[in-house]
Every structure is written in structure tokens, then in C-alpha cells.
Amino acid sequence: MKYYCLPLILPFSQAVVADQKSTDSIEVITTTASRVEALSSSLPLSISTLTDAQLKSIAPTHIEEALQRVAGANVQRGNGQEYLPALRSPVLSGAGACGGVLTLEDGIALRAAGFCNINELFESHSEMAQRIEVLKGPGSALYGSNAVHGVINVITPDTTQDGGLLGVDYGSYGYARIKLREGQDYGNSGIGINASITDDTGYRDDESVKQQKVNIRHRLERDNLLLTSGITYTHLDQQTAGFITGFESYKNEDIAQQNFDPDAFRKATSLRAWSNATWQLANNDVLSTTVYMRDQSMDFFKHFLPGTPLEKNSQTGIGVQSLYKHSINNNVTLNLGLDGEYTQADFLQSQNEATQGSAFLVATVPQGKHYDYNVNATLYAPFASVNWQLNKWLLTAGVRYEHMQYDYTNNMLAGRTKEDGSECGFGGCRYSRPASTKNSFSNASPKLGISYQYNSNNTFYANFSRGYRAPQAAELYQLQREQTTANLNPEIANNAEFGIKGLYSKFNYGLSVYAMSKHNTIYRDSDFFTVNDGSSRHRGVELELNYQLPNNVSVNFAGTHAKHSYTNNQVINGLNINGNDIDTAPRNIANIDITWQARNNTQFALQWHHVGHYYTDPDNLNEYEGHSVLSLRAQWQATKNLEVMARIINVTNKAYAERADYTSFTGDRYFPGKPRNAMISASYSW
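All residue numbers refer to position in the chain's written sequence, counted from 1. The predicted origin of the model limits local features to residues at a pLDDT of at least 70 and limits the giving and counting of side-chain atom pairs to 80 or more, whereas totals for whole chains, interfaces and linings rest on all residues. Calculated side-chain values reflect all of the structure's heavy atoms, with hydrogen atoms and water omitted.

(A) Highlighting the overall build of the protein. Strands are runs of DSSP state E lasting at least two residues, helices are runs of H or I lasting at least four, and both sets are numbered from the N terminus onward. Looking only at helices and strands, one finds 6 helices and 40 strands in the protein. Relative to its length of 686 residues, the protein is compact, with a C-alpha radius of gyration of 25 Å against a globular reference of 26 Å. The contact definition used throughout considers only heavy atoms, calling two residues in contact when any of these lie within 4.5 Å. Nonlocal contacts in the protein, meaning residues at least 24 apart in sequence, comprise 65% of its contacts between residues at least 6 apart. For the protein, the exposed area adds up to about 27700 Å²; of that, 55% sits on carbon and sulfur atoms. One finds the centroid of the 56 positive side-chain charges in the protein at a distance of 4 Å from the centroid of its 66 negative side-chain charges. To get the radius of gyration, use the C-alpha atoms; to get the globule rule, take the number of residues to the power 0.38 and multiply by 2.2 Å. Accessible surface area values rest on a Shrake-Rupley calculation with a 1.4 Å probe, where residue burial reflects the displayed protein chains alone. Asp and Glu are treated as the negative residues and Lys and Arg as the positive ones, with His and the ends of the chain left uncounted. For this purpose, a charge sits on NZ of Lys, CZ of Arg, CG of Asp or CD of Glu.

Here it is in C-alpha cells:
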């Protein structure tokens, strides 16, 4: 039997030959759905995969460029490697909003559950990934806190086999990247490295990115045991360009290129080490255990806040993931597991200079330390699920219980005073520090899915699941104004999804319809209190398909129509936002790739990416008009070992905004998109 490591939706030139007449189904293997390699075609889940071939042809400078091909995803770039995520959701922002999407590398969360970072995907090695898998919605008992809207899993290549690669990317505005991959197979063992170095001086004034990433992997096989170990190290040194302000200012090239925050920066390092032992037992049973450690630190100049304070944070932790897969009989499989981790984290925010601006800001945002605390966090999560195959029907059911405890120590005076204990004017300081305390959160998340294999190539499915996330440490302990404690509960999301996926004639497709309701949404209200009485409704239709046309032309489409709306009563500027669209939630997003295989060794592609208009405030009084960007790519396999690629992004030189926002303090503000830019790549493999 031949297995294809393919996404549910792929260009036919990469999946099946144009004149295929066989009715054999394409068997899709993923790891995100089950932690071990398994076919995903029959699972009652929506999973999209970007393959190695796709990622090579895109040569993304940022993971957002790759995720454009995933229906339901709407990652918005900031500057440099920064971004805000969206997956079956509005674009998520705020201190703990990053907890809405779980991000992994090789199945291990990039950050501990209570300490996510909204930009954390820059700590994955997506630039040199083997593939990227996206699980949409809270559909699996394997994942708990932070997997509310879905999971993004960056999977690095197995470099323990023979072979290697040396590549270079060179592009407009001083962009350059060097890529290296080398492996050595010793039979029952192997070792390899996967590395990249990026230097980007950027389109805007005084911006730059210097980034280094490396994966090291080792493999050891003994009888029925496979032991795989890995290390990932990343380092980012970024000079950041912030928002530009003024209605449609992104259309003014002089303004768009300026950097009004030339002192802004982000410096971050991360180190993750892991080791997975997988035993193949009798009767096709599998036991898999992964132990891992994380060590991360970041210095971040908060250029968007009054007084522009400096944040220093770090996390160090250890964890374990386990899975026992037991075949009760030929039709029933039981999965049992226990996950746990322990994390020590610290946070410091301080301001070196006096605040500039209004008398109110000068009086309430003091120079000196604002927050200084430590948190020790413990998490454990047992889970169980069962798969029951009954003829053409597959029933999956599972539940996960998760307990999180924070032990918080405040290293300053509690309350909203200055560092020395003196009072601020206008009623008190902006920042409020709760007294040392402990907080714990527990939750259970049931899952139920059913699929029906209509024929060998097409599957109907339904999925009913609950997702949740515990409050993040930042939401509990970085308070403002008069708030002294944050009495928060976990966010809860109830999700129902129906879909069909498979292969029909020359169509490879996936269609899903989902309805999600969220409760206990955490946000900062008009009194600057962190509360969680918010609620929202999320409804959407997603379509991914590929169609093979004559003359070696294929069309790859990913489209979403969704409505994300507030369902809680909250009055802002005299208006109740209940029923309004959530801000930064375009209803329509589409991506089309048209690929022409001109010759056996030459390929051309045209990409059209569209983001519909969206409101930029909860009142729905201000909006961004949306945009469409056209790009071209070409690939030439010059020799067996040498491949050359070229691309032109934004061919029509469209003025657009990667991200649009509105605040009462600044009005309209934007991260401008790049004008027309080009890149050429060459890679030599052996």
C-alpha cells in the first residue's frame, strides 16, 4: 500500500497525475490528530496540511504567507516577525487572547499553557518545516487549554536520513536567508541538522530582523522501540516599526515607509529539547511517551503604551506527554494518556524615562517598575478516547480533564502606587499589582465525532466538541486602575461541525460548516478591569478544493465565509455592541493558486489573495475596505540537484494594510503592506 503525506487539499500536480483513472482513495497521513502517524481521511475532523513541496514553492519569509492557503486562517502581520492570529475566529488581540489558538512544533506546545505570547510562532522553525498541519476547532481530546479555535503544528523534517540541502533566498529591501540541512543515516540510528539564518533590513525606516534557527535531531531504533530526540534553538533580534496613523494613511507611500517608533525592539531566545519513545507492542498496540523542556526569554519595548515601558519575561519548564493506543478488537481502539508540565516564569515591566503627553498620562504612568512577579504553574491532564469502526461508520468519543494551578508571588508593593509606595495623581497609578496568591482552574472537555464513508473516496462527518482555555497569567496579574484581583473563569467554547471531504473525478475537496458559541470571554472593559462576562457567536463555511484542468493546469482554492459577532450586552460610547460584528473579523477571505506545469522541469503559478472589508472597532463605526493582492511564482529544476525559484509579490503594487485597527486615542492606525517586491531562491540538494 502506498501512503501519501498529503494535505486534504493539494494541487493535483503534487498529488495525482492528471489522467488518473484509479478509484483508489488518497490516504492522508497526519500526526496532529493522533500524536502518531495515522490516516486522517476517515476522521471526523477538519485538518489542512501544507506539504514540503508547497512550502518550498512559497519560500515564506513569514508563516503568514503559508497559512494564506488554509481556509479559516487569517493571520495578520505586524512588523518584522510579529503577527496576530486568527483561526475560525476574529483576529485575536489582548494580553491572553493568544490562548485561543494552540501552536506546536513537532507536537509540543511552543509555550506553556498559561504563558502564551501572541507572536509565539516565530519560535517555530516554519521557514524550514517539512509540513504544517492545521486542526480547526476544538475537535480532539489530545489538546486542552489554548486549543479553543484550533491547533497549528509546525513539523520539522527528519534529518536522521542521508541527504542534505543548501539554499539561499535573496529579495527586495535587503532580505536574505541561508538554509542548511544535513543528515547521516547509520542504519539503526541517525543524526541531522536543519538550520536557517535570516537577515532582513526591511521596507520601512529603521526596521530590521536578524534571526537564527536550528533543529538537531537524533534517531535510535531497537527491536520494537523507536527513540527520537530533538533540540530547537531560535534567536530573534528585531528593530520594530510600529503603527502608522491617520485614515487610509497606508495609501501614502511616504507615510507608509516611515517608522514613528524607531527605538522599538524585540529580542527573544528559545530553547526546546525533547525525546520521544514509541514502542510497537503486541496486537498493534502503541505506547508513546515524550519528555521535554523549555527555556525562553524575551525583552520587548512596548512602543504602543504610554511611557514606552520595557518588558522582560522568561519561562523555564519541563513536561511529559503520554499516549497508550490499545486495540480492543479489530473494530475498537482505545486511547489513554496523561499530560503534565511544570513551569517557572517571571515578569518585569519598567519605565526608564518620564512619561510624555497629557497631564493625566504624566501623572498616572510613573517612571520606575510597574510589575515584578514570579509564577510557578503546574498542569496535569488525563484524557481518554475511543474509536469504533462499524462497517462504513466511524464513531469517536473522548474526554479530557485538565487542572491548572498558579502560585503567584508579587515582588513589589501591592496596589496601584509608584514603585516607592507614593501615590499617583488623578486617583492613582495606571498599573495595579495584586497581592501574592494562588489560583487554580479545572475543566473537562468532551468530544464526539462520527463519519460515514460514502464510498472509497468520499466521507461525510460531524463533530461536536467543547474547547476551553484557562486565564493566562498576564490576565490575572497585570491589572490596571482600581482592580486589585481578577476573579476569572476559563473561557468555554461549544462547537458543532459538519462536513464532507474526499476525491471526486478531478476534484480533491473539503467542505465544512461550523457553529461555535463562546462564553466567559476574557477582555478589558471600559473601566480597565479584566473581566470575563463576554460571549460571542461564530458561524462559518470553509471550502478547500483542487481541480485539474487540461494542459497541465491546476487550481487550488481556499475560501471562508464567516460571521463572528458579539452576543453579550456591553455599552461602548453609548452603543450596545450585542449583535455587532467583532472587530477585525472579515466575513470573506479567499486564496486562489493557479499552477501551470509548463514542462517537466518548469512550473509557473499565479496567486490571488483576498481579504474582505472588516470593522476596526466594536461599535462598527470604523472599517477597513479590504484588499486583494496578486503574486507570481516560477520554479525551474535546472538539474537533478539544483532548483531555482523566483517570485514577485504584489505584482500590481497595491497599497494595502496587513492590519487595520482603530482606537479612541489614535484613531485609524495600520501596519502597511509591502509594495511590489521580488525574491529569487536557489537550492542544491544531495
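Picking up after the structure, the text goes on.
(B) View of empty space enclosed by the protein. Definitions used throughout: a 1 Å grid over protein atoms alone; a cavity as a set of points that fits a 1.4 Å probe which cannot get out; a pocket as an open set with protein on both sides within 12 Å along at least five of seven lines; a lining residue as one with an atom within 4 Å of a point. Grid points are joined across faces, edges and corners, and a volume is the space filled by probe spheres set on the points. Under the criterion given, the structure shown has 17 cavities of 30 Å³ or more. In terms of lining, the largest cavity is formed by 44 residues, of which the most central are Glu 64, Glu 65, Arg 77, Tyr 656 and Glu 658. Sorting the residues of the lining of the largest cavity by element identifies α3 (63-67), β4 (76-77), β33 (602-611), β36 (627-637), β37 (642-649), β39 (667-672) and β40 (677-685) as the ones contributing at least two each. Of all the elements, β36 adds the most residues to the lining of the largest cavity, at 4 residues. Residues of the lining of the largest cavity, tallied by class, amount to 17 nonpolar, 16 polar and 11 charged. In this structure, the second largest cavity encloses a volume near 250 Å³. If you go around the second largest cavity, you meet 23 residues; those closest to its centre are Ala 109, Gln 321, Asp 339, Glu 341 and Arg 400. Contributing elements (two or more residues each) for the lining of the second largest cavity: β6 (102-105), β17 (286-301), β18 (310-327), β19 (332-351) and β21 (393-410). As a working rule, the residues Ala, Val, Leu, Ile, Met, Phe, Trp, Tyr, Cys and Pro are called nonpolar, Asp, Glu, Lys and Arg charged, and the rest polar, with Gly in that last group. Here the residues of the lining of the second largest cavity sort into 10 nonpolar, 6 polar and 7 charged.

(C) The arrangement of the environment of Gly 307 in detail. When you line up the elements, Gly 307 lands in the loop between β17 and β18. Remark: exposure states derive from per-residue accessible area (1.4 Å probe, protein chains only) relative to the maximum for the residue type, with buried under 20%, exposed over 50%, and partly exposed in between. Gly 307 gets classed as buried once you look at its relative accessible area, which sits at 19%. For the pair Gly 307 and Phe 507, spaced 200 residues apart in sequence, the C-alpha separation works out to 56 Å. With near-sequence residues (within four places) excluded, Gly 307 lies in contact with Gln 351 and Thr 355.

(D) Region of interest: the sheet that holds strand β38 (residues 657-663). DSSP-based pairing: two strands are paired if at least 2 bridges between them are found. Read across the sheet, 3 strands follow the order β15-β39-β38 without closing on themselves; strand pairing throughout is antiparallel. Edge strands, defined here as strands with exactly one partner in the open sheet, are β15 (244-245) and β38. Where β15 meets β39, 2 bridges bridge the pair, whose relative direction is antiparallel. Note that in β39 the partner of Ile 244 across the bridge is Tyr 670.

(E) Highlighting the state of the cysteines. By convention in this document, the label disulfide applies to cysteine sulfur atom pairs within 2.5 Å. Taken as a whole and assessed by the stated rule, the structure comprises 2 disulfides. Each disulfide pairs two cysteine sulfurs, and for Cys 98 the partner residue is Cys 116, the sulfurs being separated by 2.0 Å. Where Cys 98 bonds to Cys 116 through sulfur, the torsion about that S-S bond is close to 65°, and the disulfide is right-handed. Residue Cys 98 is found in the loop between β5 (83-84) and β6, and its partner Cys 116 is found in the loop between β7 (108-109) and β8 (131-136); the two are separated by 18 residues along the sequence. The class of Cys 98 is buried, set by a relative accessible area of 5%. By relative accessible area, which is 13% here, Cys 116 ends up buried. Bridging Cys 424 to Cys 429, the disulfide has an S-S length of 1.8 Å. On the sign convention where negative means left-handed, the S-S torsion of about 80° between Cys 424 and Cys 429 marks this disulfide as right-handed. When its relative accessible area of 8% is taken as the criterion, Cys 424 is described as buried. For Cys 429, a relative accessible area of 1% translates into the label buried. Each disulfide in the protein links cysteines that, numbered along the sequence, combine into the pattern 1-2, 3-4.

(F) Region of the structure containing the environment of Tyr 380. With respect to the helices and strands, the residue Tyr 380 is situated in strand β20 (residues 368-390). For the pair Tyr 380 and Thr 228, spaced 152 residues apart in sequence, the C-alpha to C-alpha distance is 24 Å. If we ignore the near neighbours within four places in the chain, the residues touching Tyr 380 are Asp 339, Gly 340, Tyr 401, Glu 402 and His 403.

(G) A look at unusual backbone geometry. The phi angle at Asn 391 is positive, at roughly 55°, despite the residue not being glycine. With respect to the helices, strands and loops of the structure, Asn 391 is situated in the loop between β20 and β21.

(H) Region of interest: the sheet that holds β6. In space, the 5 strands of this open sheet follow the order β3-β8-β9-β6-β7, with mixed pairing throughout. Each edge of the sheet is formed by a strand with only one pairing partner; in this case those strands are β3 (47-50) and β7. Relative to β8, β3 runs antiparallel, the two sharing 4 bridges. Counted as the bridge partner of Thr 49 is Glu 133 from β8.

(I) Seen up close, the side chain of Arg 111. By the secondary structure assignment, Arg 111 is in the loop between β7 and β8. Here a polar contact is recorded for every N or O atom pair within 3.5 Å, except that within protein the pair must consist of a potential hydrogen donor and a potential acceptor, and residues adjacent in sequence are included only if both atoms are side-chain atoms. A polar contact is formed between the side chain of Arg 111 and the side chain of Glu 123, at a distance of 2.8 Å. Polar contacts involving the side chain of Arg 111 include one to the side chain of Gln 315, which spans 3.0 Å. Contacts of Arg 111, omitting those with residues within four sequence positions, involve Cys 116, Asn 117, Glu 120, Glu 123, Arg 294, Gln 296, Asn 313 and Gln 315.

(J) Seen up close, the packing of aromatic side chains. Stacked, tilted and edge-to-face pairs are distinguished by plane angle, under 30 degrees for stacked and over 60 for edge-to-face with tilted covering the rest, among Phe, Tyr and Trp rings (Trp via its six-membered ring) whose centres lie within 6.5 Å. The tally for this structure, following the rule as stated, stands at 23 aromatic pairs. Between the aromatic rings of Tyr 250 and Tyr 624, the centroid separation amounts to 5.6 Å while the plane-to-plane angle is 70°, which identifies the pairing as edge-to-face. One end of the pair, Tyr 250, is in the loop between β15 and α4 (253-257); the other, Tyr 624, is in strand β35 (residues 623-624), and 374 residues separate them in sequence. The pair Tyr 250 / Tyr 624 is uniform in exposure class, with both members buried. Counting every residue linked through ring pairs, the aromatic cluster contains Phe 115, Phe 347, Tyr 371, Tyr 373, Tyr 406, Tyr 408, Tyr 431, Phe 441 and Tyr 477. Counting as a charge over the ring demands two things of the Lys NZ or Arg CZ atom: a distance within 6 Å of the ring centre and an angle within 35 degrees of the ring normal. One Lys or Arg, Arg 266, reaches over the ring of Phe 300 and ends 4.0 Å from the middle of that ring. Geometry around Phe 265 places Lys 267 over its ring, the cationic atom sitting 5.7 Å from the centre.

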